Amino acid sequence: GAVVSQHPSWVICKSGTSVKIECRSLDFQATTMFWYRQFPKQSLMLMATSNEGSKATYEQGVEKDKFLINHASLTLSTLTVTSAHPEDSSFYICSAHSPTSGKQETQYFGPGTRLLVL
Amino acid sequence: LAKTTQPISMDSYEGQEVNITCSHNNIATNDYITWYQQFPSQGPRFIIQGYKTKVTNEVASLFIPADRKSSTLSLPRVSLSDTAVYYCLVPRDTGRRALTFGSGTRLQVQP
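All values reported here derive from a predicted model rather than from experimental measurement. (Residues numbered from 1 in each chain as written. Chains lettered and ligands numbered in written order. Predicted model: local features only at pLDDT ≥ 70, side-chain atom pairs only at ≥ 80, totals over all residues. Heavy atoms only, no water.)

All right, on to the state of the cysteines then. A full pass over the atoms with the stated rule returns two disulfides over all chains. There is a disulfide in this structure between Cys22(B) and Cys88(B), and the S-S distance comes to 2.2 Å. Between Cys22(B) and Cys88(B) the disulfide shows an S-S torsion of about -70 degrees. By sign, it is left-handed. Taken together, the positions of Cys22(B) in strand E2 (residues 18–23) and Cys88(B) in strand E8 (residues 84–89) put the pair 66 residues apart, joining distant regions of the chain. Cys13(A) takes part in no disulfide bond, and the closest cysteine sulfur to it belongs to Cys94(A), at a distance of 18 Å. (Disulfide = S-S within 2.5 Å. Helix = DSSP H or I, 4+ residues; strand = E, 2+ residues; numbered from the N terminus.)

Looking now at the interface of chain A and chain B. With 25 residues of chain A at the contact, the number on the chain B side is 22 residues. Seen at the junction of chain A and chain B, the total is zero salt bridges. Taken together, the connections running from chain A to chain B amount to five residue pairs in polar contact (both at pLDDT 80 or more). For the side of chain A that touches chain B, the elements supplying multiple residues, two or more each, are strand E4 (32–38), strand E5 (45–51), strand E9 (90–98) and strand E10 (106–109) of chain A. (Contact = heavy atoms within 4.5 Å. Salt bridge = Lys/Arg side-chain N within 4 Å of Asp/Glu carboxyl O. Polar contact = N/O pair within 3.5 Å; in protein donor to acceptor, adjacent residues only side chain to side chain.)

The structure is reproduced here in structure tokens:
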């Protein structure tokens, strides 16, 4: 299957600082990527849809000024957590659609980034 | 808005076949059903995708009845390493590509 990578895999930062997480599609181009957040023992929650060359679409309740998304190329989307606070500590996962020869695109997920805000 | 319902948890033993059924009563005509596996602290891993009848790959089989209101993921001869959370997904909205994750099914395989 298609490969999606994330960097870093984990990060610890101080409260008030900003953290950038990268999501890359390694062997395919992705015009759309998605960012999810997952708290312990819970399911993934969609945060936003990242569109190459245009503004991201945020889900209800997700602050766009706090979670900055940039999709500058067909293989890279970044999520920046600005002025991070301990409640932002979570597991952040990105995904991208890989075109298939079948009838519907398949979404592939990155390995996730563990963020701990002290 | 498509929504899926799965059992919260299931237990099995090594070597057994496990069937996890998911209901998706409001699935749209053109939507496919996709199943993912997730281990702790990892991103979901694609298992299988189907539209109707039966799909089989080297990992699992997916059975979809004619009305497509449900689907069953079948894992043959599970091992301890199959202990994970399994998610059944359909597109969030018709025409949108985002996926809405339900609670998933936590499968525990015992020796």
